[in-house]
Amino acid sequence: MAVENLAFLIPLLPALAFVLTFFLGKKLPTGGAIIPIAAIATSFVISLLITLNLLANPEEVVSQSYSWFAMLNIGILVDPLAAVMLTMVTFVSLLIHIYSVGYMSHDKAPSRYFAETALFTASMLGLILSDNILQLFICWELVGVCSYLLIGFWFEKPSAATAAKKAFLTTRIGDVMFLTGIVILFADLYKMFNGAIPDGVYILRFDEIFAHIPEIAALNANIFGMEVSHITLITLLFFGGAVGKSGQFPLHVWLPDAMEGPTTVSALIHAATMVTAGVYLVARTFPMFIAAPDSLMVVAYVGAFTALFAGTMGIVMNDLKRVLAYSTVSQLGYMMLGLGVGAAVGAEAVGISIFHLINHAFFKALLFLCAGSVIHAVGTHDMRQLGGVAKVMPITAVTMIIASLALTGMGIPGTSIGTSGFFSKDAIIESAYLFGESTGTWLPYFFSIAAALLTSLYIFRLVFMTFYGKPRTDYGGHESPASMTGTGVQLSFQ
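Throughout, residues of each chain are indexed from 1 in the direction in which the sequence is written. Restriction of local features to residues with pLDDT of at least 70 applies here, the model being predicted, together with a cutoff of 80 or more for giving and counting side-chain atom pairs; totals for whole chains, interfaces and linings are based on all residues. Hydrogens are left out, water is left out, and the side-chain values use all remaining heavy atoms of the structure.

> For the overall build of the protein chain, give the residues involved together with the corresponding values.
Secondary structure elements are taken from DSSP: a helix is a run of H or I of four residues or more, a strand is a run of E of two residues or more, and numbering for both begins at the N terminus. Within the protein chain one finds 22 helices and 4 strands. Scaling as 2.2 N^0.38, a compact globule of 494 residues should have a C-alpha radius of gyration of about 23 Å, and the protein chain matches this with 22 Å. In terms of its C-alpha atoms, the protein chain occupies a principal-axis envelope of roughly 75 × 55 × 45 Å. Working definition: with a 1.4 Å probe on protein chains only, accessible area under 20% of the residue-type maximum means buried, over 50% means exposed, and in between means partly exposed. Looking at the protein chain as a whole, 60% of its 494 residues are labelled buried. The size measure is the radius of gyration over C-alpha atoms, and the globule rule it meets is 2.2 Å times the number of residues to the 0.38 power.

Laid out in structure tokens, this is it:
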């Protein structure tokens, strides 16, 4: 059997792991962690094999579609965009699950934790694989529910329960906008077919939507006395959903509070999964955004301002995890900026943005896991109480520095020497410059430069306050177990 025929197993295996872990985890060692680890490892192998095949044969896109009801379908689509996302999500999620065995070893409910993270991973993989916008939205909502459960995992703490509710309600604002966009899109497409949908045609499939972009763009709506194209209206509503899920200004407020969950949850949400869903949505529907240049302008401005604004917030935080949370918001702004400059560089913007998304997934997961290693060892998040941690946790310190260099984009301009962040951020800043040249709008370019400077300031402030100098309290400390440090070393090599 060709590996492409097994693509449906990529989200199905973690979903099955959720069921088994939920019911059997309490009776198994380490809360049944072996079940989701084995399932996600298998999903990673399948994703990797499909990706390698696509690299060798780019035209062999995996597309499988089955009738659901009426003119709607359930299907999977694995093109190069989906393939690289699947491989990244499964790999990073696998390492986080392995790390969690050590990190959650003293928790009283490890089986519930591993069941929820397995469902979270399955939901994200289902979102990526969706070949139609409605199925993507259903998985999008499942990701939101799982994030609520995980952020509020320690629900006995009032702050954790409050943070979970805040995340759920804030992202719902964006989700309502996203759903409104889908409803308008469905109504437009239904009218185009005069209500008579031929057999085998599923009007919310991406290929069907993209085929009707010119007709949708020709439709106009009168909003507050202004004529607005339906394609602009729909893409702005889609972007509203992305603003909520990917923590763009002004709906970024839930993301720093999400630190109330376990650090491994922060790594999962803020690196590989939930927060990248909004970026993936804009990338997946990018042919619609290209047809709506006004929407792309909004994406560029919001992304650039978010990158700058969150960077200023990261500088003044003293909580180890909150610095990284605002860093995530800032880097998501960079990704949105990378997509917004598509008004100048065209479809190449998707590659630029996704390149930074993939790089960010690895170095931000590593940063959070290193932070978790420190918190696990010393029992505090407050950098003002630390100092000199490198002496007792040398492996954690080295991997943290490697991840920090990648985040700042350390490299030698004009050469091929540099960290992963150097190449992806450089591409975004260069595209922002081209955007300024072609549109005469230079603010996104200046904001991206300023945000890069702020990134270096807040991350090295974190490194020096935490790992160097003299200990400011008697925190004790010890190096973390191999299941935690080994995962960090693996990520640092990516």
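> Please provide a residue-by-residue account of the layout of surface pockets, values included.
If you add up the space inside the largest pocket, you get close to 380 Å³. Put plainly, a pocket is an open set of points on a 1 Å grid over the protein atoms alone with protein on both sides within 12 Å along at least five of seven lines, a cavity is a set where a 1.4 Å probe fits but cannot get out, and a lining residue has an atom within 4 Å of a point. What lines the largest pocket is a set of 17 residues, among which Pro 11, Ile 74, Gly 75, Ile 76 and Gln 135 lie closest to the centre. Those elements that place two or more of their residues in the lining of the largest pocket are helix H1 (9-24), strand E1 (62-69), strand E2 (72-78), helix H4 (110-129) and helix H5 (133-151). Empty space within the second largest pocket amounts to approximately 290 Å³. Forming the walls of the second largest pocket are 19 residues, and the residues nearest its centre are Tyr 103, Trp 154, Thr 263, Ile 375 and His 381. If you list the elements that add at least two residues to the lining of the second largest pocket, you get helix H10 (254-257), helix H15 (320-340) and helix H17 (348-378). Grid points are joined across faces, edges and corners, and a volume is the space filled by probe spheres set on the points.

> So what's going on with unusual backbone geometry? Residues and values would help.
Between Phe 249 and the following residue, Pro 250, the backbone shows a cis peptide bond with an omega angle of 10°. Mapping Pro 250 onto the fold places it in the loop between helix H9 (230-245) and H10. With a phi angle near 50°, Thr 30 is a residue other than glycine that sits in the positive phi range. Inspection of the secondary structure assignment puts Thr 30 in the loop between H1 and helix H2 (34-56). You can call Thr 30 partly exposed: its relative accessible area is 46%.

> How would you explain the pattern of salt bridges if you had to name every residue and give the values?
Salt-bridge detection follows one rule: a side-chain nitrogen of Lys or Arg within 4 Å of a carboxyl oxygen of Asp or Glu. The full count for this structure, using the stated rule, is 12 salt bridges. For the salt bridge of Arg 112 with Glu 116, the shortest nitrogen-to-oxygen distance reads 3.9 Å. Residue Arg 112 and its partner Glu 116 are both found in helix H4; the two are separated by 4 residues, about one turn of the helix. A salt bridge links Asp 207 to Arg 205; the nearest nitrogen and oxygen atoms lie 2.6 Å apart. On the basis of relative accessible area, Arg 205 is assigned to the buried category, the value being 17%. A cluster of three or more residues bridged by salt bridges with shared partners is formed by Glu 141, Arg 172, Asp 175 and Lys 245.

> Which residues make up the side chain of Arg 172, and what values go with them?
Looking at where Arg 172 falls in the secondary structure, it is placed in helix H6 (residues 158-192). A relative accessible area of 16% means that Arg 172 is categorised as buried.

> Describe in detail the nonpolar core, supporting the description with residues and values.
Residue types Ala, Val, Leu, Ile, Met, Phe, Trp, Tyr and Cys, when buried and joined through side-chain atoms within 4.5 Å, form a set referred to as a nonpolar core. Ile 133, Leu 185 and Phe 238 are the most contacted members of the largest nonpolar core, which totals 166 residues. Take this core: its biggest share by element is 20 residues, from H17. In contact with Phe 238, other than residues within four places in its own chain, are Ile 133, Phe 178, Gly 181, Ile 182, Leu 185, Leu 281, Thr 285, Met 288 and Phe 289. Whether two residues are in contact is decided by their heavy atoms, any of which lying within 4.5 Å being enough.

> How would you explain the pairing of strand E3 (residues 220-223) if you had to name every residue and give the values?
Here E3 runs beside strand E4 (residues 226-229); their pairing, made up of 4 bridges, is antiparallel. In the strand pairing of E4, Ile 223 is matched with Met 226. What sits between E3 and E4 in their antiparallel hairpin is a turn of 2 residues, with Phe 224 showing a positive phi close to 50°. Two strands are counted as paired when DSSP detects at least two bridges linking them.

> Give me the packing of helix H14 (residues 293-316) against helix H21 (residues 443-467): which residues, what numbers.
The convention used is that axes are lines fitted to C-alpha atoms, helices contributing only their stretch in contact, and that angles between N-to-C directions extend from 0 to 180 degrees. At a closest axis distance of 8 Å, the pairing of H14 and H21 adopts a crossing angle of 25°. The angle between the axes of H14 and H21 places the two elements in the roughly parallel class. H21 is crossed by H14, and the crossing has left-handed handedness. Residues Ala 300, Tyr 301, Ala 304, Phe 305, Ala 307, Leu 308, Gly 311, Thr 312, Gly 314, Ile 315 and Val 316 of H14 lie in contact with H21, whose contacting residues are Leu 443, Pro 444, Phe 447, Ala 450, Ala 451, Leu 454, Leu 457, Tyr 458 and Arg 461. Looking at the contact of H14 with H21, its residues break down into 16 nonpolar, 3 polar and 1 charged. We call two directions roughly parallel when the angle between them is under 35 degrees, roughly antiparallel when it is over 145, roughly perpendicular when it lies between 65 and 115, and oblique otherwise. Should the near helix be turned anticlockwise from the far one by less than a right angle, the crossing is left-handed, and should it be turned clockwise, the crossing is right-handed. Any residue that is not Ala, Val, Leu, Ile, Met, Phe, Trp, Tyr, Cys, Pro, Asp, Glu, Lys or Arg is counted as polar, Gly included; the first ten are nonpolar and the last four charged.

> Go over a nonpolar patch on the surface with me, naming the residues and quoting the values.
A residue counts toward a patch only above 30% relative accessible area and without a salt bridge, and it is joined to like-charged neighbours within 9 Å or, for Val, Leu, Ile, Met, Phe, Trp and Tyr, to nonpolar neighbours within 5 Å. Only the protein chains shown count as covering a residue, and every accessible area follows the Shrake-Rupley method with a 1.4 Å probe. A cluster of nonpolar side chains, namely Leu 16, Val 19, Leu 20, Phe 22, Phe 23, Leu 24 and Leu 28, defines an oily patch on the protein surface of about 640 Å² accessible area. Here Phe 23 is to be found in helix H1.

> Break down the environment of Leu 233 for me, with residues and values.
Mapping Leu 233 onto the fold places it in helix H9. Spatially, the C-alpha atom of Leu 233 lies 35 Å from that of Leu 407, the residues being 174 residues apart in sequence. Once residues lying within four places of it in the same chain are set aside, the contact partners of Leu 233 are Ile 184, Ile 223 and Val 228.

> With reference to specific residues and values, describe the environment of Thr 276.
Here Thr 276 lies in helix H12 (residues 274-284). The spacing of Thr 276 and Gly 195 is 81 residues in sequence and 35 Å in space, taken between C-alpha atoms.

> How would you summarise the pairing of E1 if you had to cite specific residues and measurements?
The pairing of E1 with E2 spans 7 bridges and is antiparallel. Following the sheet pairing, Ser 65 is matched in E2 by Gly 75. In sequence, E1 turns back onto E2 through a hairpin of 2 residues, with Ala 70 there showing a positive phi of about 50°.

> Now, about the packing of helix H20 (residues 420-439) against H21: what can you tell me, with residues and values included?
Put simply, H20 and H21 touch, their axes get as near as 8 Å, and they point 155° apart. Looking at the two axes, H20 sits roughly antiparallel to H21. Seen from above, H20 lies across H21 with left-handed handedness. Facing Lys 425, Ile 429, Ala 432, Tyr 433 and Phe 435 of H20, the residues of H21 in contact are Pro 444, Tyr 445, Ser 448, Ile 449, Ala 452 and Thr 455. A breakdown of the residues in the contact of H20 with H21 according to their chemical character gives 8 nonpolar, 2 polar and 1 charged.

> Please give an account of the packing of aromatic side chains that cites residues and values.
Each pair of aromatic rings is reported with the distance of its centres and the angle of its planes. The criterion for an aromatic pair is that two Phe, Tyr or Trp rings (for Trp, the six-membered ring) have centres within 6.5 Å, with stacked assigned to planes under 30 degrees apart, edge-to-face to planes over 60 apart and tilted to the rest. Summed over all chains, the structure comprises 26 aromatic pairs. Considering the side-chain rings of Phe 305 and Phe 309, the 5.9 Å spacing of their centres and the 15° angle between planes classify their relative orientation as stacked. One end of the pair, Phe 305, and the other, Phe 309, are both in helix H14, 4 residues apart, so they sit about a helical turn from each other. When its relative accessible area of 22% is taken as the criterion, Phe 309 is described as partly exposed. Here the aromatic cluster, defined as three or more aromatic residues joined through ring pairs, consists of Tyr 113, Phe 114, Phe 153 and Trp 154. By the criterion adopted, a ring carries a charge over it if an Arg CZ or a Lys NZ lies within 6 Å of its centre and within 35 degrees of its normal. Arg 112 extends its terminal NZ or CZ atom over the ring of Phe 153, reaching a point 4.2 Å from the ring centre.

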